[in-house]
Amino acid sequence: QKEVEQDPGPLSVPEGAIVSLNCTYSNSAFQYFMWYRQYSRKGPELLMYTYSSGNKEDGRFTAQVDKSSKYISLFIRDSQPSDSATYLCAINSGGSNYKLTFGKGTLLTVNP
Amino acid sequence: DTGVSQNPRHKITKRGQNVTFRCDPISEHNRLYWYRQTLGQGPEFLTYFQNEAQLEKSRLLSDRFSAERPKGSFSTLEIQRTEQGDSAMYLCASSEAGPETQYFGPGTRLLVL
């Protein structure tokens, strides 16, 4: 079983739709949960991070962590064509372990 | 621009040749990471430095790979005797504090013919 599972999509939505992106993980020791956005042939860009369970909102983006289910989500409201990219979840166990473990990424296309 | 920079952005080489990539982290960041990303996959951790000390290496980092960070500033990743399977995007990231704030560079795309 992979440490992080993410549906690679692709996901295609009309402009203005609410997008839900999800990952599941296997190790209950994970404490930090990040979402990165990656445009084609570019490096990943940090969107949001959360520590432990709960919700975090930043503009049109909301990150949600449910540690009891080992499930993390990213919601995008009022999606725009410029949101078209690959979205990567990443997790870390904290402490002295600094490496990130990434999901495969979900390719999102927002159609005008 | 004060972000993470990587050079070169693209490298094409023949199998068996050596290649070296450079990463310049964000200036106040004392932690530096190397990842590798192949098509359709998320980045995979290769190695990590805190200042000049290399603290962790993935088993993905075979003995053909070596990374350095002299003086705790820029870092280099060298691949010796390249193989076609080394073709990938090599990403560098840096952070000041915890693992949750890693910022990535644009990557170096390697193609081994």
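Refer to the preceding data block for the structure.
Residues numbered from 1 in each chain as written. Chains lettered and ligands numbered in written order. Predicted model: local features only at pLDDT ≥ 70, side-chain atom pairs only at ≥ 80, totals over all residues. Heavy atoms only, no water.

Participant: Tell me about the overall build of chain B, residues and numbers included.
Facilitator: In terms of regular secondary structure, chain B is built from zero helices and eleven strands. Secondary structure elements of chain B occur, N-terminal to C-terminal, as β-β-β-β-β-β-β-β-β-β-β. In summary, chain B has a C-alpha radius of gyration of 13 Å against a globular reference of 13 Å for 113 residues, a match within 12%. Along the first, second and third principal axes, the C-alpha set of chain B runs to 40 × 25 × 25 Å. For chain B, restricting intrachain contacts to residue pairs at least 6 apart in sequence, the fraction spanning at least 24 positions comes to 53%. Surface summary for chain B: the accessible area is close to 5600 Å², and the carbon and sulfur share equals 45%. With 14 positive and 13 negative side-chain charges, chain B shows a separation of 8 Å between the mean positions of the two kinds. (Helix = DSSP H or I, 4+ residues; strand = E, 2+ residues; numbered from the N terminus. Rg over C-alpha atoms; globule rule 2.2 N^0.38 Å. Contact = heavy atoms within 4.5 Å. Areas by Shrake-Rupley, 256 points an atom, 1.4 Å probe, with all protein chains shown as cover. Lys, Arg positive; Asp, Glu negative; His and termini not counted. Charge placed at Lys NZ, Arg CZ, Asp CG, Glu CD.)

Participant: Before we move on, can you summarise the sheet that holds strand β7 (residues 61–66) of chain A with the specific residues and values?
Facilitator: All names here are of chain A. As summarised here, the arrangement of the five strands in space is β1-β3-β8-β7-β6, forming an open sheet in which the pairing is antiparallel. Every interior strand has two partners, whereas the edge strands, β1 (4–6) and β6 (54–58), have only one. With strand direction ignored, the average angle separating the axes of adjacent strands in the sheet is 15°. In this structure, β6 lies alongside β7, joined through five bridges in antiparallel fashion. For D58, the partnering residue across the bridge sits in β7 and is F61. (Pairing = 2+ DSSP bridges. Axes fitted to C-alpha atoms, helices over the stretch in contact; angles between N-to-C directions.)

Participant: Could you give me a rundown of the interface of chain B and chain A, with the residues and numbers involved?
Facilitator: Facing 25 residues of chain B, the contacting portion of chain A comprises 19 residues. Inspection of the region where chain B meets chain A yields zero salt bridges. Linking chain B with chain A are five residue pairs in polar contact (both at pLDDT 80 or more). For the side of chain B that touches chain A, the secondary-structure elements that each account for two or more residues are β4 (31–37), β5 (44–50), β9 (88–95) and β10 (103–104) of chain B. Considering every element that reaches the side of chain B that touches chain A, the biggest residue donor is β4 of chain B, with four residues. Of the residues assigned to the side of chain B that touches chain A, the class counts are twelve nonpolar, eight polar and five charged. (Salt bridge = Lys/Arg side-chain N within 4 Å of Asp/Glu carboxyl O. Polar contact = N/O pair within 3.5 Å; in protein donor to acceptor, adjacent residues only side chain to side chain. Nonpolar A, V, L, I, M, F, W, Y, C, P; charged D, E, K, R; others polar.)

Participant: Quick rundown of the packing of aromatic side chains? Include the residues and the values.
Facilitator: Applying the stated rule across the entire model yields 13 aromatic pairs over all chains. Measuring from ring centre to ring centre gives 5.9 Å for F102 of chain A and F104 of chain B, while their planes differ by 75°; the resulting arrangement is edge-to-face. Placement of F102 of chain A in strand β10 (residues 101–102) and of F104 of chain B in strand β10 is noted, with the two residues assigned to different chains. Like F104 of chain B, F102 of chain A is buried. Aromatic pair Y35 of chain B and F104 of chain B: ring centres 5.3 Å apart, planes at 50°, arrangement tilted. Taken together, the residues span a long stretch of sequence, with Y35 of chain B in strand β4 and F104 of chain B in strand β10 at a distance of 69 residues. Connected via pairs of aromatic rings, a cluster forms that spans Y36, Y98 and F102 of chain A together with Y33, Y35, F45, Y48 and F104 of chain B. (Phe/Tyr/Trp six-rings, centres within 6.5 Å; stacked < 30°, edge-to-face > 60°. Buried < 20%, exposed > 50% of the residue type's maximum accessible area, 1.4 Å probe, protein only.)

Participant: Let's hear about the side chain of T62 of chain A: which residues, and what values?
Facilitator: Tracing the backbone through its elements, the reader meets T62 of chain A in strand β7. Within the structure, the side chain of T62 of chain A is placed 3.0 Å from the side chain of R77 of chain A, a separation counted as a polar contact.

Participant: Go over the pattern of salt bridges, please, and point to the residues and values.
Facilitator: Residue and element names in this part refer to chain A. With the rule as written, the count across this model stands at six salt bridges over all chains. The closest approach of N and O atoms between R37 and E45, which form a salt bridge, is 3.1 Å. On the basis of relative accessibility, which here comes to 12%, the residue R37 falls in the buried class.

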